[in-house]
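A structural walkthrough
What follows is each chain in one-letter form.
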Amino acid sequence: MADLLKKPFGTHGKVHEITPQSAGWRYVGFSLYRIRAGETVGEATGDCEVILVMVEGKATINAAGKDWGELGERMNVFEKTPPHCLYVPNGKDWEATATTDCTIAVCQAPGKGGHEARKIGPDGIELTQRGEGVNTRYINNIAMEAEDYCDSLLVTEVFTPAGHWSSFPSHRHDEDDFPRITYLEETYYHRINAEGGWGIQRVYTDDLSLNETMAVYNGDVVCVPRGHHPCGAPHGFEMYYLNVMAGPRRNWRFVPAPEVEHMF
């Protein structure tokens, strides 16, 4: 069985740390901090660029030699308000001091020195609908292809209503053949809006050489190295996920699974 499902390794401090080395790939890194008011965390970006996403709570942030003040607004991710984020280039430092209990995601990919540090959101991020019927979900685009904020990173939030599917119809982005398809590694940081609630994520290739179906719980991360990767939320369990993607070029092009090609 592929080791695609990552459980948090605690409830306080750094609770996730996925690196290209630990994931067995080349581009995407993802970490998550859960800290209490008054606590400080920070890192050097090294050869990576990062987007700090204030998933929940508020913190004052210093990064790239500048005081960015207090970032954050929503206290529960399921408020669905636009997130406060900060882009930090490679070769810089960042430090966050929590002013409330907070959850901070650190989205990482190779940096090339092509962009300056900047705030992202909440202005300019608008919750938008994608799909129809029980395939309807709602998107907060943080830094996708249309936003020229980064060298490598593609980052977005998705809210999937209870009883709905997401990242569906099934599609893959695991070949470097632009413009037909691009190679993008991907992480999904999941949250479930119900005590003990869960969702489903499947990761599979056309030939089923990779074919894993996982129950995801609040706080889990799923790594998608290749293949299709739909997820579903049972009735009563609303699902949130934060997507981080990166590859050799910053474009999102995908190919549908043969069984759903007629849906595109």
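Preceding block: the structure.
The structure displayed is predicted, hence computed values, not measured ones.

1. A word on the nonpolar core
If you look at the biggest cluster of nonpolar residues, it comprises 34 residues, and the most contacted ones within it are Ile 51, Val 53, Ile 142 and Leu 242. The leading source of residues in this core is strand 24 (residues 239–246), at 4 residues. Leaving out residues up to four positions away in the same chain, Ile 142 has contacts with Ile 51, Val 53, Pro 83, Cys 85, Ile 120, Ile 125, Glu 147, Tyr 149, Val 155, Thr 156, Glu 157 and Leu 242. Listed in part, the 19 residues of the second largest apolar core include Met 54, Ala 59, Val 88 and Val 106.

2. Observations concerning the sheet that holds strand 11 (residues 118–120)
Strands pair in a sheet through their backbones, by hydrogen bonds, and they do so in one of two ways: parallel or antiparallel. With antiparallel pairing, 6 strands are arranged side by side in an open sheet as 2-3-10-5-8-11. Looking at strand neighbours, the two that pair on one side only are strand 2 (13–18) and strand 11, the edges of this open sheet. Each strand axis lies, on average, 20 degrees off the axis of its neighbour in the sheet, ignoring direction. Pairing between strand 8 (residues 85–88) and strand 11: 3 bridges, direction antiparallel. Among the inter-strand pairings, Tyr 87 is bridged to a residue of strand 11, identified as Arg 118.

3. Re the sheet that holds strand 9 (residues 93–98)
Read across the open sheet, the 4 strands follow the order 4-9-6-7; overall the sheet is antiparallel. Single-partner strands in this sheet number two, and they are strand 4 (40–44) and strand 7 (66–71). Pairs of neighbouring strands in the sheet enclose a mean axial angle of 15 degrees, with direction left out of account. Where strand 4 lies against strand 9, 5 bridges are found, and the strand directions are antiparallel. Paired with Glu 43 across the bridge in strand 9 is Trp 94.

4. Quick word on the pattern of salt bridges
Tallying each qualifying case throughout the model produces 14 salt bridges. Of the charged contacts in the structure, one is a salt bridge between Arg 191 and Glu 56, with a shortest N-O distance of 3.1 Å. Within this pair, whereas Arg 191 is found in strand 19 (residues 185–192), its partner Glu 56 is found in strand 5 (residues 48–56), the two being separated by 135 residues in sequence. For the pair Arg 191 and Glu 56, a shared accessibility class is recorded, and that class is buried. Here Arg 172 makes a salt bridge to Asp 174, at a shortest N to O gap of 2.7 Å. For the pair Arg 172 and Asp 174, a shared accessibility class is recorded, and that class is buried. Via salt bridges that share partners, Arg 172, Asp 174, Glu 175, Asp 177, Arg 180 and Asp 206 belong to a single interconnected network.

Calculation rules
Sequence order sets the numbering: in each chain, residues are counted from 1 along the sequence as written. A pLDDT threshold of at least 70 governs which residues receive local features in this predicted model, and a stricter bar of 80 or more applies before side-chain atom pairs are shown or counted, although totals over entire chains, interfaces and linings include all residues. Side-chain measures were taken over the full set of non-hydrogen atoms in the model, leaving aside hydrogen atoms and water. Nine residue types can take part in a nonpolar core, namely buried Ala, Val, Leu, Ile, Met, Phe, Trp, Tyr and Cys, and a core is a set of them joined through side-chain atoms within 4.5 Å. Only protein chains enter the area calculation, which uses a 1.4 Å probe; residues under 20% of their type maximum are buried, those over 50% are exposed, and those in between are partly exposed. Numbering of helices and strands starts at the N terminus; helices are DSSP runs of H or I of at least 4 residues and strands are runs of E of at least 2. For this analysis, residues touch if any pair of their heavy atoms sits within 4.5 Å. Paired strands, as defined in this entry, are two strands with at least two bridges between them according to DSSP. Axis definition: a line fitted to C-alpha atoms, over the contacting stretch in the case of helices. Angles run 0 to 180 degrees between N-to-C directions. Salt bridges are identified by distance alone: a Lys or Arg side-chain nitrogen within 4 Å of an Asp or Glu carboxyl oxygen.

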